Amino acid sequence: MEPSFYKNNENYPTASVITSYACFGGAIDGGVIGLIMAMLMILECILERVFLQKIVSSIILGALAIPTFAIFGFVIGLIPAMLTGCFVAHLQLYRHYNDLLESAIIGALSTVICALVLMVFSNSAFSFNVVIFMIFAAFIGSVSGYLTGSSVLPNE
């Protein structure tokens, strides 16, 4: 089997892949962040050994956090997700574990590049907090690239 960068398939759904990444990539980013926030809210209530009413209210807030973060993730992550979709469509990746790994790497790199551009234009100083933010952004971008690729990339 030849590597995916040698493929030249005229039937590859390029437009569908790009629009799917643009529509779902940022929302998946935000949904993952919302899920993490929801789990942390519920875990905090459980570890504090509070009343059942407080735990139920944190579960409800956690359930509302996921779609809220998905909406914000769609707005904020539209450009990195679209860049990831363009690169994935250009390389004509399919739903294989090697191609999904490439999609995750592309997602991490495009997210970090967009975050660096945002940092340069906002005139923020380079510090340890920026490095931690870049690592978190790379992680979220790679998760989004992998999850979006596993759901929207075509089978070979």
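Remember, predicted model here, so these are calculated numbers, not experimental data. (Residues numbered from 1 in each chain as written. Predicted model: local features only at pLDDT ≥ 70, side-chain atom pairs only at ≥ 80, totals over all residues. Heavy atoms only, no water.)

Trainee: Would you mind going over the overall build of the protein with me for this structure?
Mentor: Within the protein, the secondary structure is distributed over five helices and zero strands. C-alpha extents for the protein along the principal axes are approximately 60 × 40 × 25 Å. The 156 residues of the protein split such that 37% are buried. Long-range pairs, those at least 24 residues apart, make up 81% of the contacts in the protein between residues at least 6 apart in sequence. Accessible area of the protein: about 9,800 Å², with a carbon and sulfur share of 74%. Positive and negative charge centroids in the protein, built from 4 and 8 side chains respectively, lie 15 Å apart. (Helix = DSSP H or I, 4+ residues; strand = E, 2+ residues; numbered from the N terminus. Buried < 20%, exposed > 50% of the residue type's maximum accessible area, 1.4 Å probe, protein only. Contact = heavy atoms within 4.5 Å. Areas by Shrake-Rupley, 256 points an atom, 1.4 Å probe, with all protein chains shown as cover. Lys, Arg positive; Asp, Glu negative; His and termini not counted. Charge placed at Lys NZ, Arg CZ, Asp CG, Glu CD.)

Trainee: Mind showing me how you'd approach the packing of helix 4 (residues 97-121) against helix 5 (residues 128-152) here?
Mentor: Packed helices, taken two at a time, are described by the angle between their axes plus the distance between the axes. The contact between helix 4 and helix 5 brings their axes to 7 Å, and the two run at 140°. Looking at the two axes, helix 4 sits oblique to helix 5. Between helix 4 and helix 5 lies a crossing whose hand is right-handed. Here L100, S103, A104, G107, A108, T111, V112, A115, L116 and M119 of helix 4 lie close against helix 5, whose contacting residues are V130, F133, M134, A137, A138, G141, S142, G145, Y146, G149 and S150. Classifying every residue of the contact of helix 4 with helix 5 gives 13 nonpolar, eight polar and no charged. (Axes fitted to C-alpha atoms, helices over the stretch in contact; angles between N-to-C directions. Parallel < 35°, antiparallel > 145°, perpendicular 65-115°, else oblique. Left-handed = near helix turned anticlockwise from the far one by under 90°. Nonpolar A, V, L, I, M, F, W, Y, C, P; charged D, E, K, R; others polar.)

Trainee: I tried to follow the packing of aromatic side chains on my own but got confused; where do I start?
Mentor: Taken as a whole and assessed by the stated rule, the structure comprises one aromatic pair. Measuring from centroid to centroid gives 5.3 Å for Y12 and Y94, while their planes differ by 85°, and the two rings are edge-to-face. Separated by 82 residues along the polypeptide, Y12 in the segment before helix 1 (14-47) and Y94 in the loop between helix 3 (78-91) and helix 4 bring together distant segments of the chain. (Phe/Tyr/Trp six-rings, centres within 6.5 Å; stacked < 30°, edge-to-face > 60°.)

Trainee: Explain the side chain of S20 here, please?
Mentor: Tracing the chain through its elements places S20 in helix 1. Apart from the residues lying within four places of it in its own chain, the contact partners of S20 are G25, T148 and V152.

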